[in-house]
Amino acid sequence: MKNLIVLMSCLLFALTNLAARVYKVTNQDEFKKAADMVMAGDEIVITNGNYSNWELVVNTNGTAGKPVIIRAETPGKVVFSGDVNKPVFQLTGSFTEISGLAFSGCSVFKTGGATGVLIELKASRYCRVTGCAFAKNAVKTQFMPIVVISGKAEYNRVDHCSFTGNIDNQELQVKITADAVPLYTLIDDNEFKDKDKVNWKIFNGGECIQIGQDPVLLGTQYAFSVVRNNRFIHCNGEPEVISNKSSGNHYINNYFEDCQGELVMRGGHDCLIDSNIFKGGTGGIRVNGTHHTITNNTLTGLPTGIRLMYGMAKGKTEIGFYIAASDCLVKNNHIANAVTGILIGRLGREI
């Protein structure tokens, strides 16, 4: 019996040590100390309040069953604001989740070789940003995002976040370079709304989502991103609400209402555009590139539903600023109350 009691005590001690630990933090220094100690399944809870001037590189590593959680004490009650010159949160590890944080009225700068961003998933794996709110944040240099997935990242997710009234920015960027392509990013169940036209020259640099940045150099890079179940309401930042400049991506079941822009295959090949809904606004789907599949979309009340564009080059091997749309499947789309249903070429024959 004595041996049994000792054994049970040892088991209880072991189970206690295996239990997830919760670190409650009230400032950046406390956060850094907690981040150095957390193990798989642990939580870092930021207490309710207003914060500024945080610059964190977070290299925490959880597991599939026990991610490291970084969360607000109460969703929406932990608010970051003020000037941002470096990433507020830069995740570089794996299986780490940020949830419930709010970023409001931040001014994001690029100065002295440093680039500000609110959240960056840099070469991270299986990390997640969920339930966060981004409102009325402004960037101070053209083409800057406020949330970015970069480096040789894999299987990251941004979901159930809100992006409202942000200024002169790109909300969400999958950053692709010649040396590093983030793979298998999932962007789902987010809401983008009330985005005014950017003030930059030629009104460029205001996409809600951008996957790839250079259609000439990077269009043939395969990112395999999935963008699904998102809502875009009154998104007027620039002519491209979503800008695709890479290959192998899927855009599924997204909803666009009264947007002054389109879902644009600006570069890349072999993308799927399926079951999206467009209601009002200035356009629906614009296509350059090859072997895209455009199916089961509903487009209502638009000047033009689907545009298959001419180009400066053709196919996957020629280089040009625009690749002519070719070998694309356009099937089972429903277009109603449009001035032009399907346009082939910039000024070409209309169907």
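Being a predicted model, the structure only gives us computed values, none of them experimental.

For the chain, the count of helices and strands is 3 helices and 37 strands. Relative to the globule expectation of 20 Å for 351 residues, the C-alpha radius of gyration of the chain, 22 Å, shows essentially globular dimensions. Expressed as lengths along the three principal axes of its C-alpha atoms, the size of the chain is roughly 90 × 45 × 35 Å. Per-residue burial for the chain yields a buried fraction of 51% across its 351 residues.

If you trace the backbone, Glu 238 turns up in the loop between β24 (231-235) and β25 (240-245). The side chain of Glu 238 sits in the buried core without any salt bridge; Arg 286 is the nearest counter-charge, 6.4 Å away. A polar atom in the side chain of Glu 238 sits 2.7 Å from the backbone nitrogen of Gly 205. Discounting residues that sit within four places of it in the chain, Glu 238 has contacts with Phe 203, Asn 204, Gly 205, Gly 206, Glu 207, Gln 260 and Gly 261.

Within the structure shown, the criterion is met by 21 aromatic pairs. Aromatic pair Phe 80 and Phe 89: ring centres 5.4 Å apart, planes at 85 degrees, arrangement edge-to-face. For Phe 80, a relative accessible area of 2% corresponds to the buried category. Ring geometry for Phe 95 and Tyr 126: centres 4.7 Å apart, planes at 5 degrees, overall stacked. Taken as a pair, Phe 95 in the loop between β7 (87-91) and β8 (96-99) and Tyr 126 in the loop between β12 (117-122) and β13 (128-130) lie far apart in primary sequence, 31 residues in all.

Sheet topology places β24 next to strand β27 (residues 255-259); 3 bridges connect them, and they run parallel. By the bridge assignment, Phe 232 is partnered in β27 with Phe 256.

Let's shift gears to the sheet that holds β8. The strands that make up a sheet are held in pairs by hydrogen bonds between backbone atoms, and each pair lies either parallel or antiparallel. The sheet built from 12 strands is open, its strands ordered β1-β2-β5-β8-β13-β17-β20-β23-β26-β29-β32-β35 with parallel pairing. Of all the strands in the sheet, just β1 (22-25) and β35 (329-331) have a single pairing partner and so form its edges. This sheet shows a mean twist of 10 degrees between the axes of neighbouring strands, independent of strand direction. Relative to β13, β8 runs parallel, the two sharing 3 bridges. Bridge pairing links Ser 99 to Thr 130 in β13. Strands in contact with helix α2 (residues 28-37) are β1, β2 (43-46) and β5 (68-72); relative to β1, the strand with the most contacts, it is inclined by about 165 degrees.

Here is what the cut-offs are and how they apply
- Residues numbered from 1 in each chain as written.
- Predicted model: local features only at pLDDT ≥ 70, side-chain atom pairs only at ≥ 80, totals over all residues.
- Heavy atoms only, no water.
- Helix = DSSP H or I, 4+ residues; strand = E, 2+ residues; numbered from the N terminus.
- Rg over C-alpha atoms; globule rule 2.2 N^0.38 Å.
- Buried < 20%, exposed > 50% of the residue type's maximum accessible area, 1.4 Å probe, protein only.
- Lys, Arg positive; Asp, Glu negative; His and termini not counted.
- Salt bridge = Lys/Arg side-chain N within 4 Å of Asp/Glu carboxyl O.
- Polar contact = N/O pair within 3.5 Å; in protein donor to acceptor, adjacent residues only side chain to side chain.
- Contact = heavy atoms within 4.5 Å.
- Phe/Tyr/Trp six-rings, centres within 6.5 Å; stacked < 30°, edge-to-face > 60°.
- Pairing = 2+ DSSP bridges.
- Axes fitted to C-alpha atoms, helices over the stretch in contact; angles between N-to-C directions.

Remember, this is a structural readout, not a statement about activity or role.
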